[in-house]
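One-letter residues, chain by chain:
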Amino acid sequence: MSLELISLENIQEFAHQYGYWAIFWGILLENLGIPLPGETVTLVGGFLAGSEELNYWLVLSDAVTGAVIGGACGYWIGKLGGWPFLVKIGKLFRISDERLLNIKDQFSQNATKAVFFGRFFALLRIFAAPLAGIAEMPFGKFFLYNLAGATAWASVMVTLAFFAGRVVSLEQLVAWVSQFAIAALLILVTLIVIPIWIESRQVKGAAGE
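Scoring rules and cut-offs
- Residues numbered from 1 in each chain as written.
- Predicted model: local features only at pLDDT ≥ 70, side-chain atom pairs only at ≥ 80, totals over all residues.
- Heavy atoms only, no water.
- UniProt positions renumbered as here; feature names shortened; annotations may be inferred.
- Helix = DSSP H or I, 4+ residues; strand = E, 2+ residues; numbered from the N terminus.
- Buried < 20%, exposed > 50% of the residue type's maximum accessible area, 1.4 Å probe, protein only.
- Areas by Shrake-Rupley, 256 points an atom, 1.4 Å probe, with all protein chains shown as cover.
- Contact = heavy atoms within 4.5 Å.
- Axes fitted to C-alpha atoms, helices over the stretch in contact; angles between N-to-C directions.
- Parallel < 35°, antiparallel > 145°, perpendicular 65-115°, else oblique.
- Left-handed = near helix turned anticlockwise from the far one by under 90°.
- Nonpolar A, V, L, I, M, F, W, Y, C, P; charged D, E, K, R; others polar.

If you look the protein chain up in an unreviewed UniProt entry, it shows as DedA family protein from Anabaenopsis elenkinii CCIBt3563. In its Subcellular location (unreviewed entry) section, the UniProt record describing the protein chain reads: "Cell membrane". Under the UniProt heading Sequence similarities (unreviewed entry), the note attached to the protein chain is "Belongs to the DedA family."

So, in structure tokens, the structure goes:
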């Protein structure tokens, strides 16, 4: 899918044409790993609700429902076939099975946080659910945190666009949220990568001694 097809103008056009269905499917498909800007779709829905073209509560319900169903589908994709696929990717990048099992265990210990807070990070929003399935997180527990995270994320995005959209342009609002998301993602990656790098250095040092 080209960037032109998922531009803000096109998303607005889809939302005007298909209304609540555009919001529901846009968010659901993003959660299935299709490169659609679910965050922008949600902001557009909230913006249209603020301008009284759509109903706030229906937009919010669409966003939550699409995120929950998409997350559940992602969970079962990871549960049923994610681990063999991850092993193949690991071999491609020369990551040992032992290292992958270690990563899986680490994710399992933080799975609830990843599922809930992952909603606010673009990449985690796509991968948290399949990773929860791979980590064999109980589905009942996953569903509760998936629902809570989807509700919190959708409420923030829709409400922000509903009110802020009355004083700033949609383009400016999307740009600010995108910049914040990129900064948050960089901070998250730093917090994850640095401890792994330090641990790797310590292991190599111990092996050398």
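Caption draft 1: The arrangement of the overall build of the protein chain in detail. Scanning the protein chain for helices and strands turns up nine helices and zero strands. Walking the protein chain from its N terminus toward its C terminus, one meets helices and strands in the order α-α-α-α-α-α-α-α-α. Expressed as a percentage of its 209 residues, the buried residues of the protein chain come to 40%. A total accessible area of about 12100 Å² is found for the protein chain, and carbon and sulfur atoms account for 68% of it.

Caption draft 2: Broad picture of the side chain of Asn146. If you trace the backbone, Asn146 turns up in helix α8 (residues 139-164). If sequence neighbours within four positions are ignored, Asn146 has contacts with Ala67, Val68, Gly71, Ala72, Val115 and Arg119.

Caption draft 3: Just the packing of helix α1 (residues 8-18) against helix α3 (residues 38-50), in detail. The N-to-C vectors of α1 and α3 enclose an angle of 55 degrees; their axes lie 10 Å apart at closest approach. Judged by the inter-axis angle, α1 sits oblique to α3. For the element pair α1 and α3, the recorded crossing hand is right-handed. From α1, Leu8, Ile11, Gln12, Ala15 and His16 reach across to α3, where they touch Thr40, Val41, Val44 and Leu48. Among the residues making up the contact of α1 with α3, the classes are represented as six nonpolar, three polar and no charged.

Caption draft 4: Region of the structure containing the environment of Ala164. In this fold, Ala164 is placed in helix α8. With 114 residues separating them in the primary sequence, Ala164 and Gly50 have C-alpha atoms 8.7 Å apart.

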